[in-house]
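Structural features, examined
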Amino acid sequence: MPRFAANLSMLYPQHDFLARFDAAAADGFEAVEFLFPYDFSIAQLKQRLDDNGLVQALFNAPPGAWATGERGTASLPGRESEFREGIGQALEYAAVLGNDRIHVMAGLLPSEDLRERHHAIYLENLTYAAEQAAKAGITVLIEPINTRDIPGFFLNRQDQAQAICKEVGAANLKVQFDLYHCQIVEGDVTMKLRRDLAGIGHIQIAGVPDRHEPSLGELNYPYLFEMIDQLGYEGWIGCEYRPKGDTSEGLQWLRDWRKRQA
């Protein structure tokens, strides 16, 4: 049965971030994920997890200058030292918070003419990240992201991401499969999940096209949840969507799903 994690970077926006842990637990979530933990101390976050009996499923490594538009440094030439420092910081947080997944954002590609150079840097940085993470039993994730939400993002397609993982050749480097991004870029999500499951380390969901609740839009999520379960996926499914209204009221899709599985 699929296990769902609340993405606290998007859900419960009416609450301050640290209060979102309480809200997620009150709605029956057993795990959480979010973009970045680094504005808070490890102790603060650990306390929120422990107080609510929550599992930390995932967070991202430092992304560079997020506020000014950077979306990761893993493929950026000249930023290798910063990237390595960020991996060290992420692993420090994970060692205490307990997550065994860290997402590493690729970054923006200024021009297709530079793809070969960025690709080479990306492979070097991912090799380093996977080597360091392996010492702690942690899996590094890379995620194809659609260029409607992040124009110019380096990594966009599932086959591209799977090929990069194969190039690096690390057992603990896998793809973060976000059904929202995949549907926008290439569609045919069922066949891609079937094809790539062995290389998928985490799944995320949202309605398409507006990134609201998965009950809204063009994807048939009840069918997809059944299929993901049949494929034998045992990880968390991150609910990374923007609530159309109140988060808790919008979770009727999850309550309905749980009733079907009872």
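Because the structure is a prediction, the values reported are computed rather than measured. (Residues numbered from 1 in each chain as written. Predicted model: local features only at pLDDT ≥ 70, side-chain atom pairs only at ≥ 80, totals over all residues. Heavy atoms only, no water.)

1. Quick notes on the sheet that holds strand β5 (residues 139–142)
Reading around the barrel, the eight strands line up as β1-β2-β3-β4-β5-β6-β7-β8 and close back on themselves, with parallel pairing between neighbours. Shown here is a sheet whose adjacent strand axes are inclined to one another by a mean of 30 degrees, direction ignored. Bridging between strand β1 (residues 3–7) and strand β2 (residues 31–33) involves three bridges; their strand directions are parallel. Within β2, the position partnered with N7 by the bridge is E33. Contacts from helix α3 (residues 80–97) reach β3 (55–60) and β4 (101–103) within the one sheet, and its direction differs from that of β3 by about 175 degrees. Packed onto the sheet, helix α5 (residues 158–168) meets β5, β6 (173–178) and β7 (200–205) and runs at close to 170 degrees relative to β6. (Pairing = 2+ DSSP bridges. Helix = DSSP H or I, 4+ residues; strand = E, 2+ residues; numbered from the N terminus. Axes fitted to C-alpha atoms, helices over the stretch in contact; angles between N-to-C directions. Contact = heavy atoms within 4.5 Å.)

2. So, the nonpolar core
Ranked by size, the top nonpolar core spans 79 residues in total, and within it F4, F21, F29, I142 and I203 carry the most contacts. Element by element, the count of residues in this core is highest for α3, at seven residues. Setting aside anything within four residues of it in sequence, one finds F21 in contact with L8, V32, F34, L45, R48, L49, N52 and L54. Membership of the second largest hydrophobic core comes to six residues, among which are A31, A57, L141 and W236. (Core = buried A, V, L, I, M, F, W, Y, C linked by side-chain atoms within 4.5 Å. Buried < 20%, exposed > 50% of the residue type's maximum accessible area, 1.4 Å probe, protein only.)

3. As for the pairing of β3
Summarising burial for β3: five of the six residues are buried, a large majority. Taken together, the three bridges between β2 and β3 define a ladder with parallel strand orientation. Looking across to β3, one finds that A31 is bridged to V55. The handedness of the β2 to β3 crossover, carried by helix α2 (residues 42–52), is right-handed. Where β3 meets β4, two bridges bridge the pair, whose relative direction is parallel. Counterpart to N60 in the pairing with β4 is H103. Handedness of the crossover is the feature at issue here: the chain leaves β3, passes through α3, returns alongside β4, and the resulting connection is right-handed. (Right-handed = clockwise from strand over helix to strand, strands pointing away.)

4. Observations concerning the packing of α5 against helix α7 (residues 189–196)
Between α5 and α7, the least distance of the axes is 11 Å, while the angle of their chain directions is 10 degrees. Judged by the angle between their axes, α5 and α7 are roughly parallel. In this structure, α5 contributes Q158, D159 and Q162 to the contact, and α7 contributes K192, R195 and D196. The residue makeup of the contact of α5 with α7, split by class, is no nonpolar, two polar and four charged. (Parallel < 35°, antiparallel > 145°, perpendicular 65-115°, else oblique. Nonpolar A, V, L, I, M, F, W, Y, C, P; charged D, E, K, R; others polar.)

5. As for helix α10 (residues 252–261)
Buried within α10 are the following residues: W253, L254 and W257. Each buried residue of α10 sits inside an arc of 95 degrees when the element is viewed along its axis, so together they form one side. As for α10, its buried residues are in contact with β1, β7, α8 (221–231), β8 (236–239) and α9 (247–250). (Arc of directions from axis to C-beta.)

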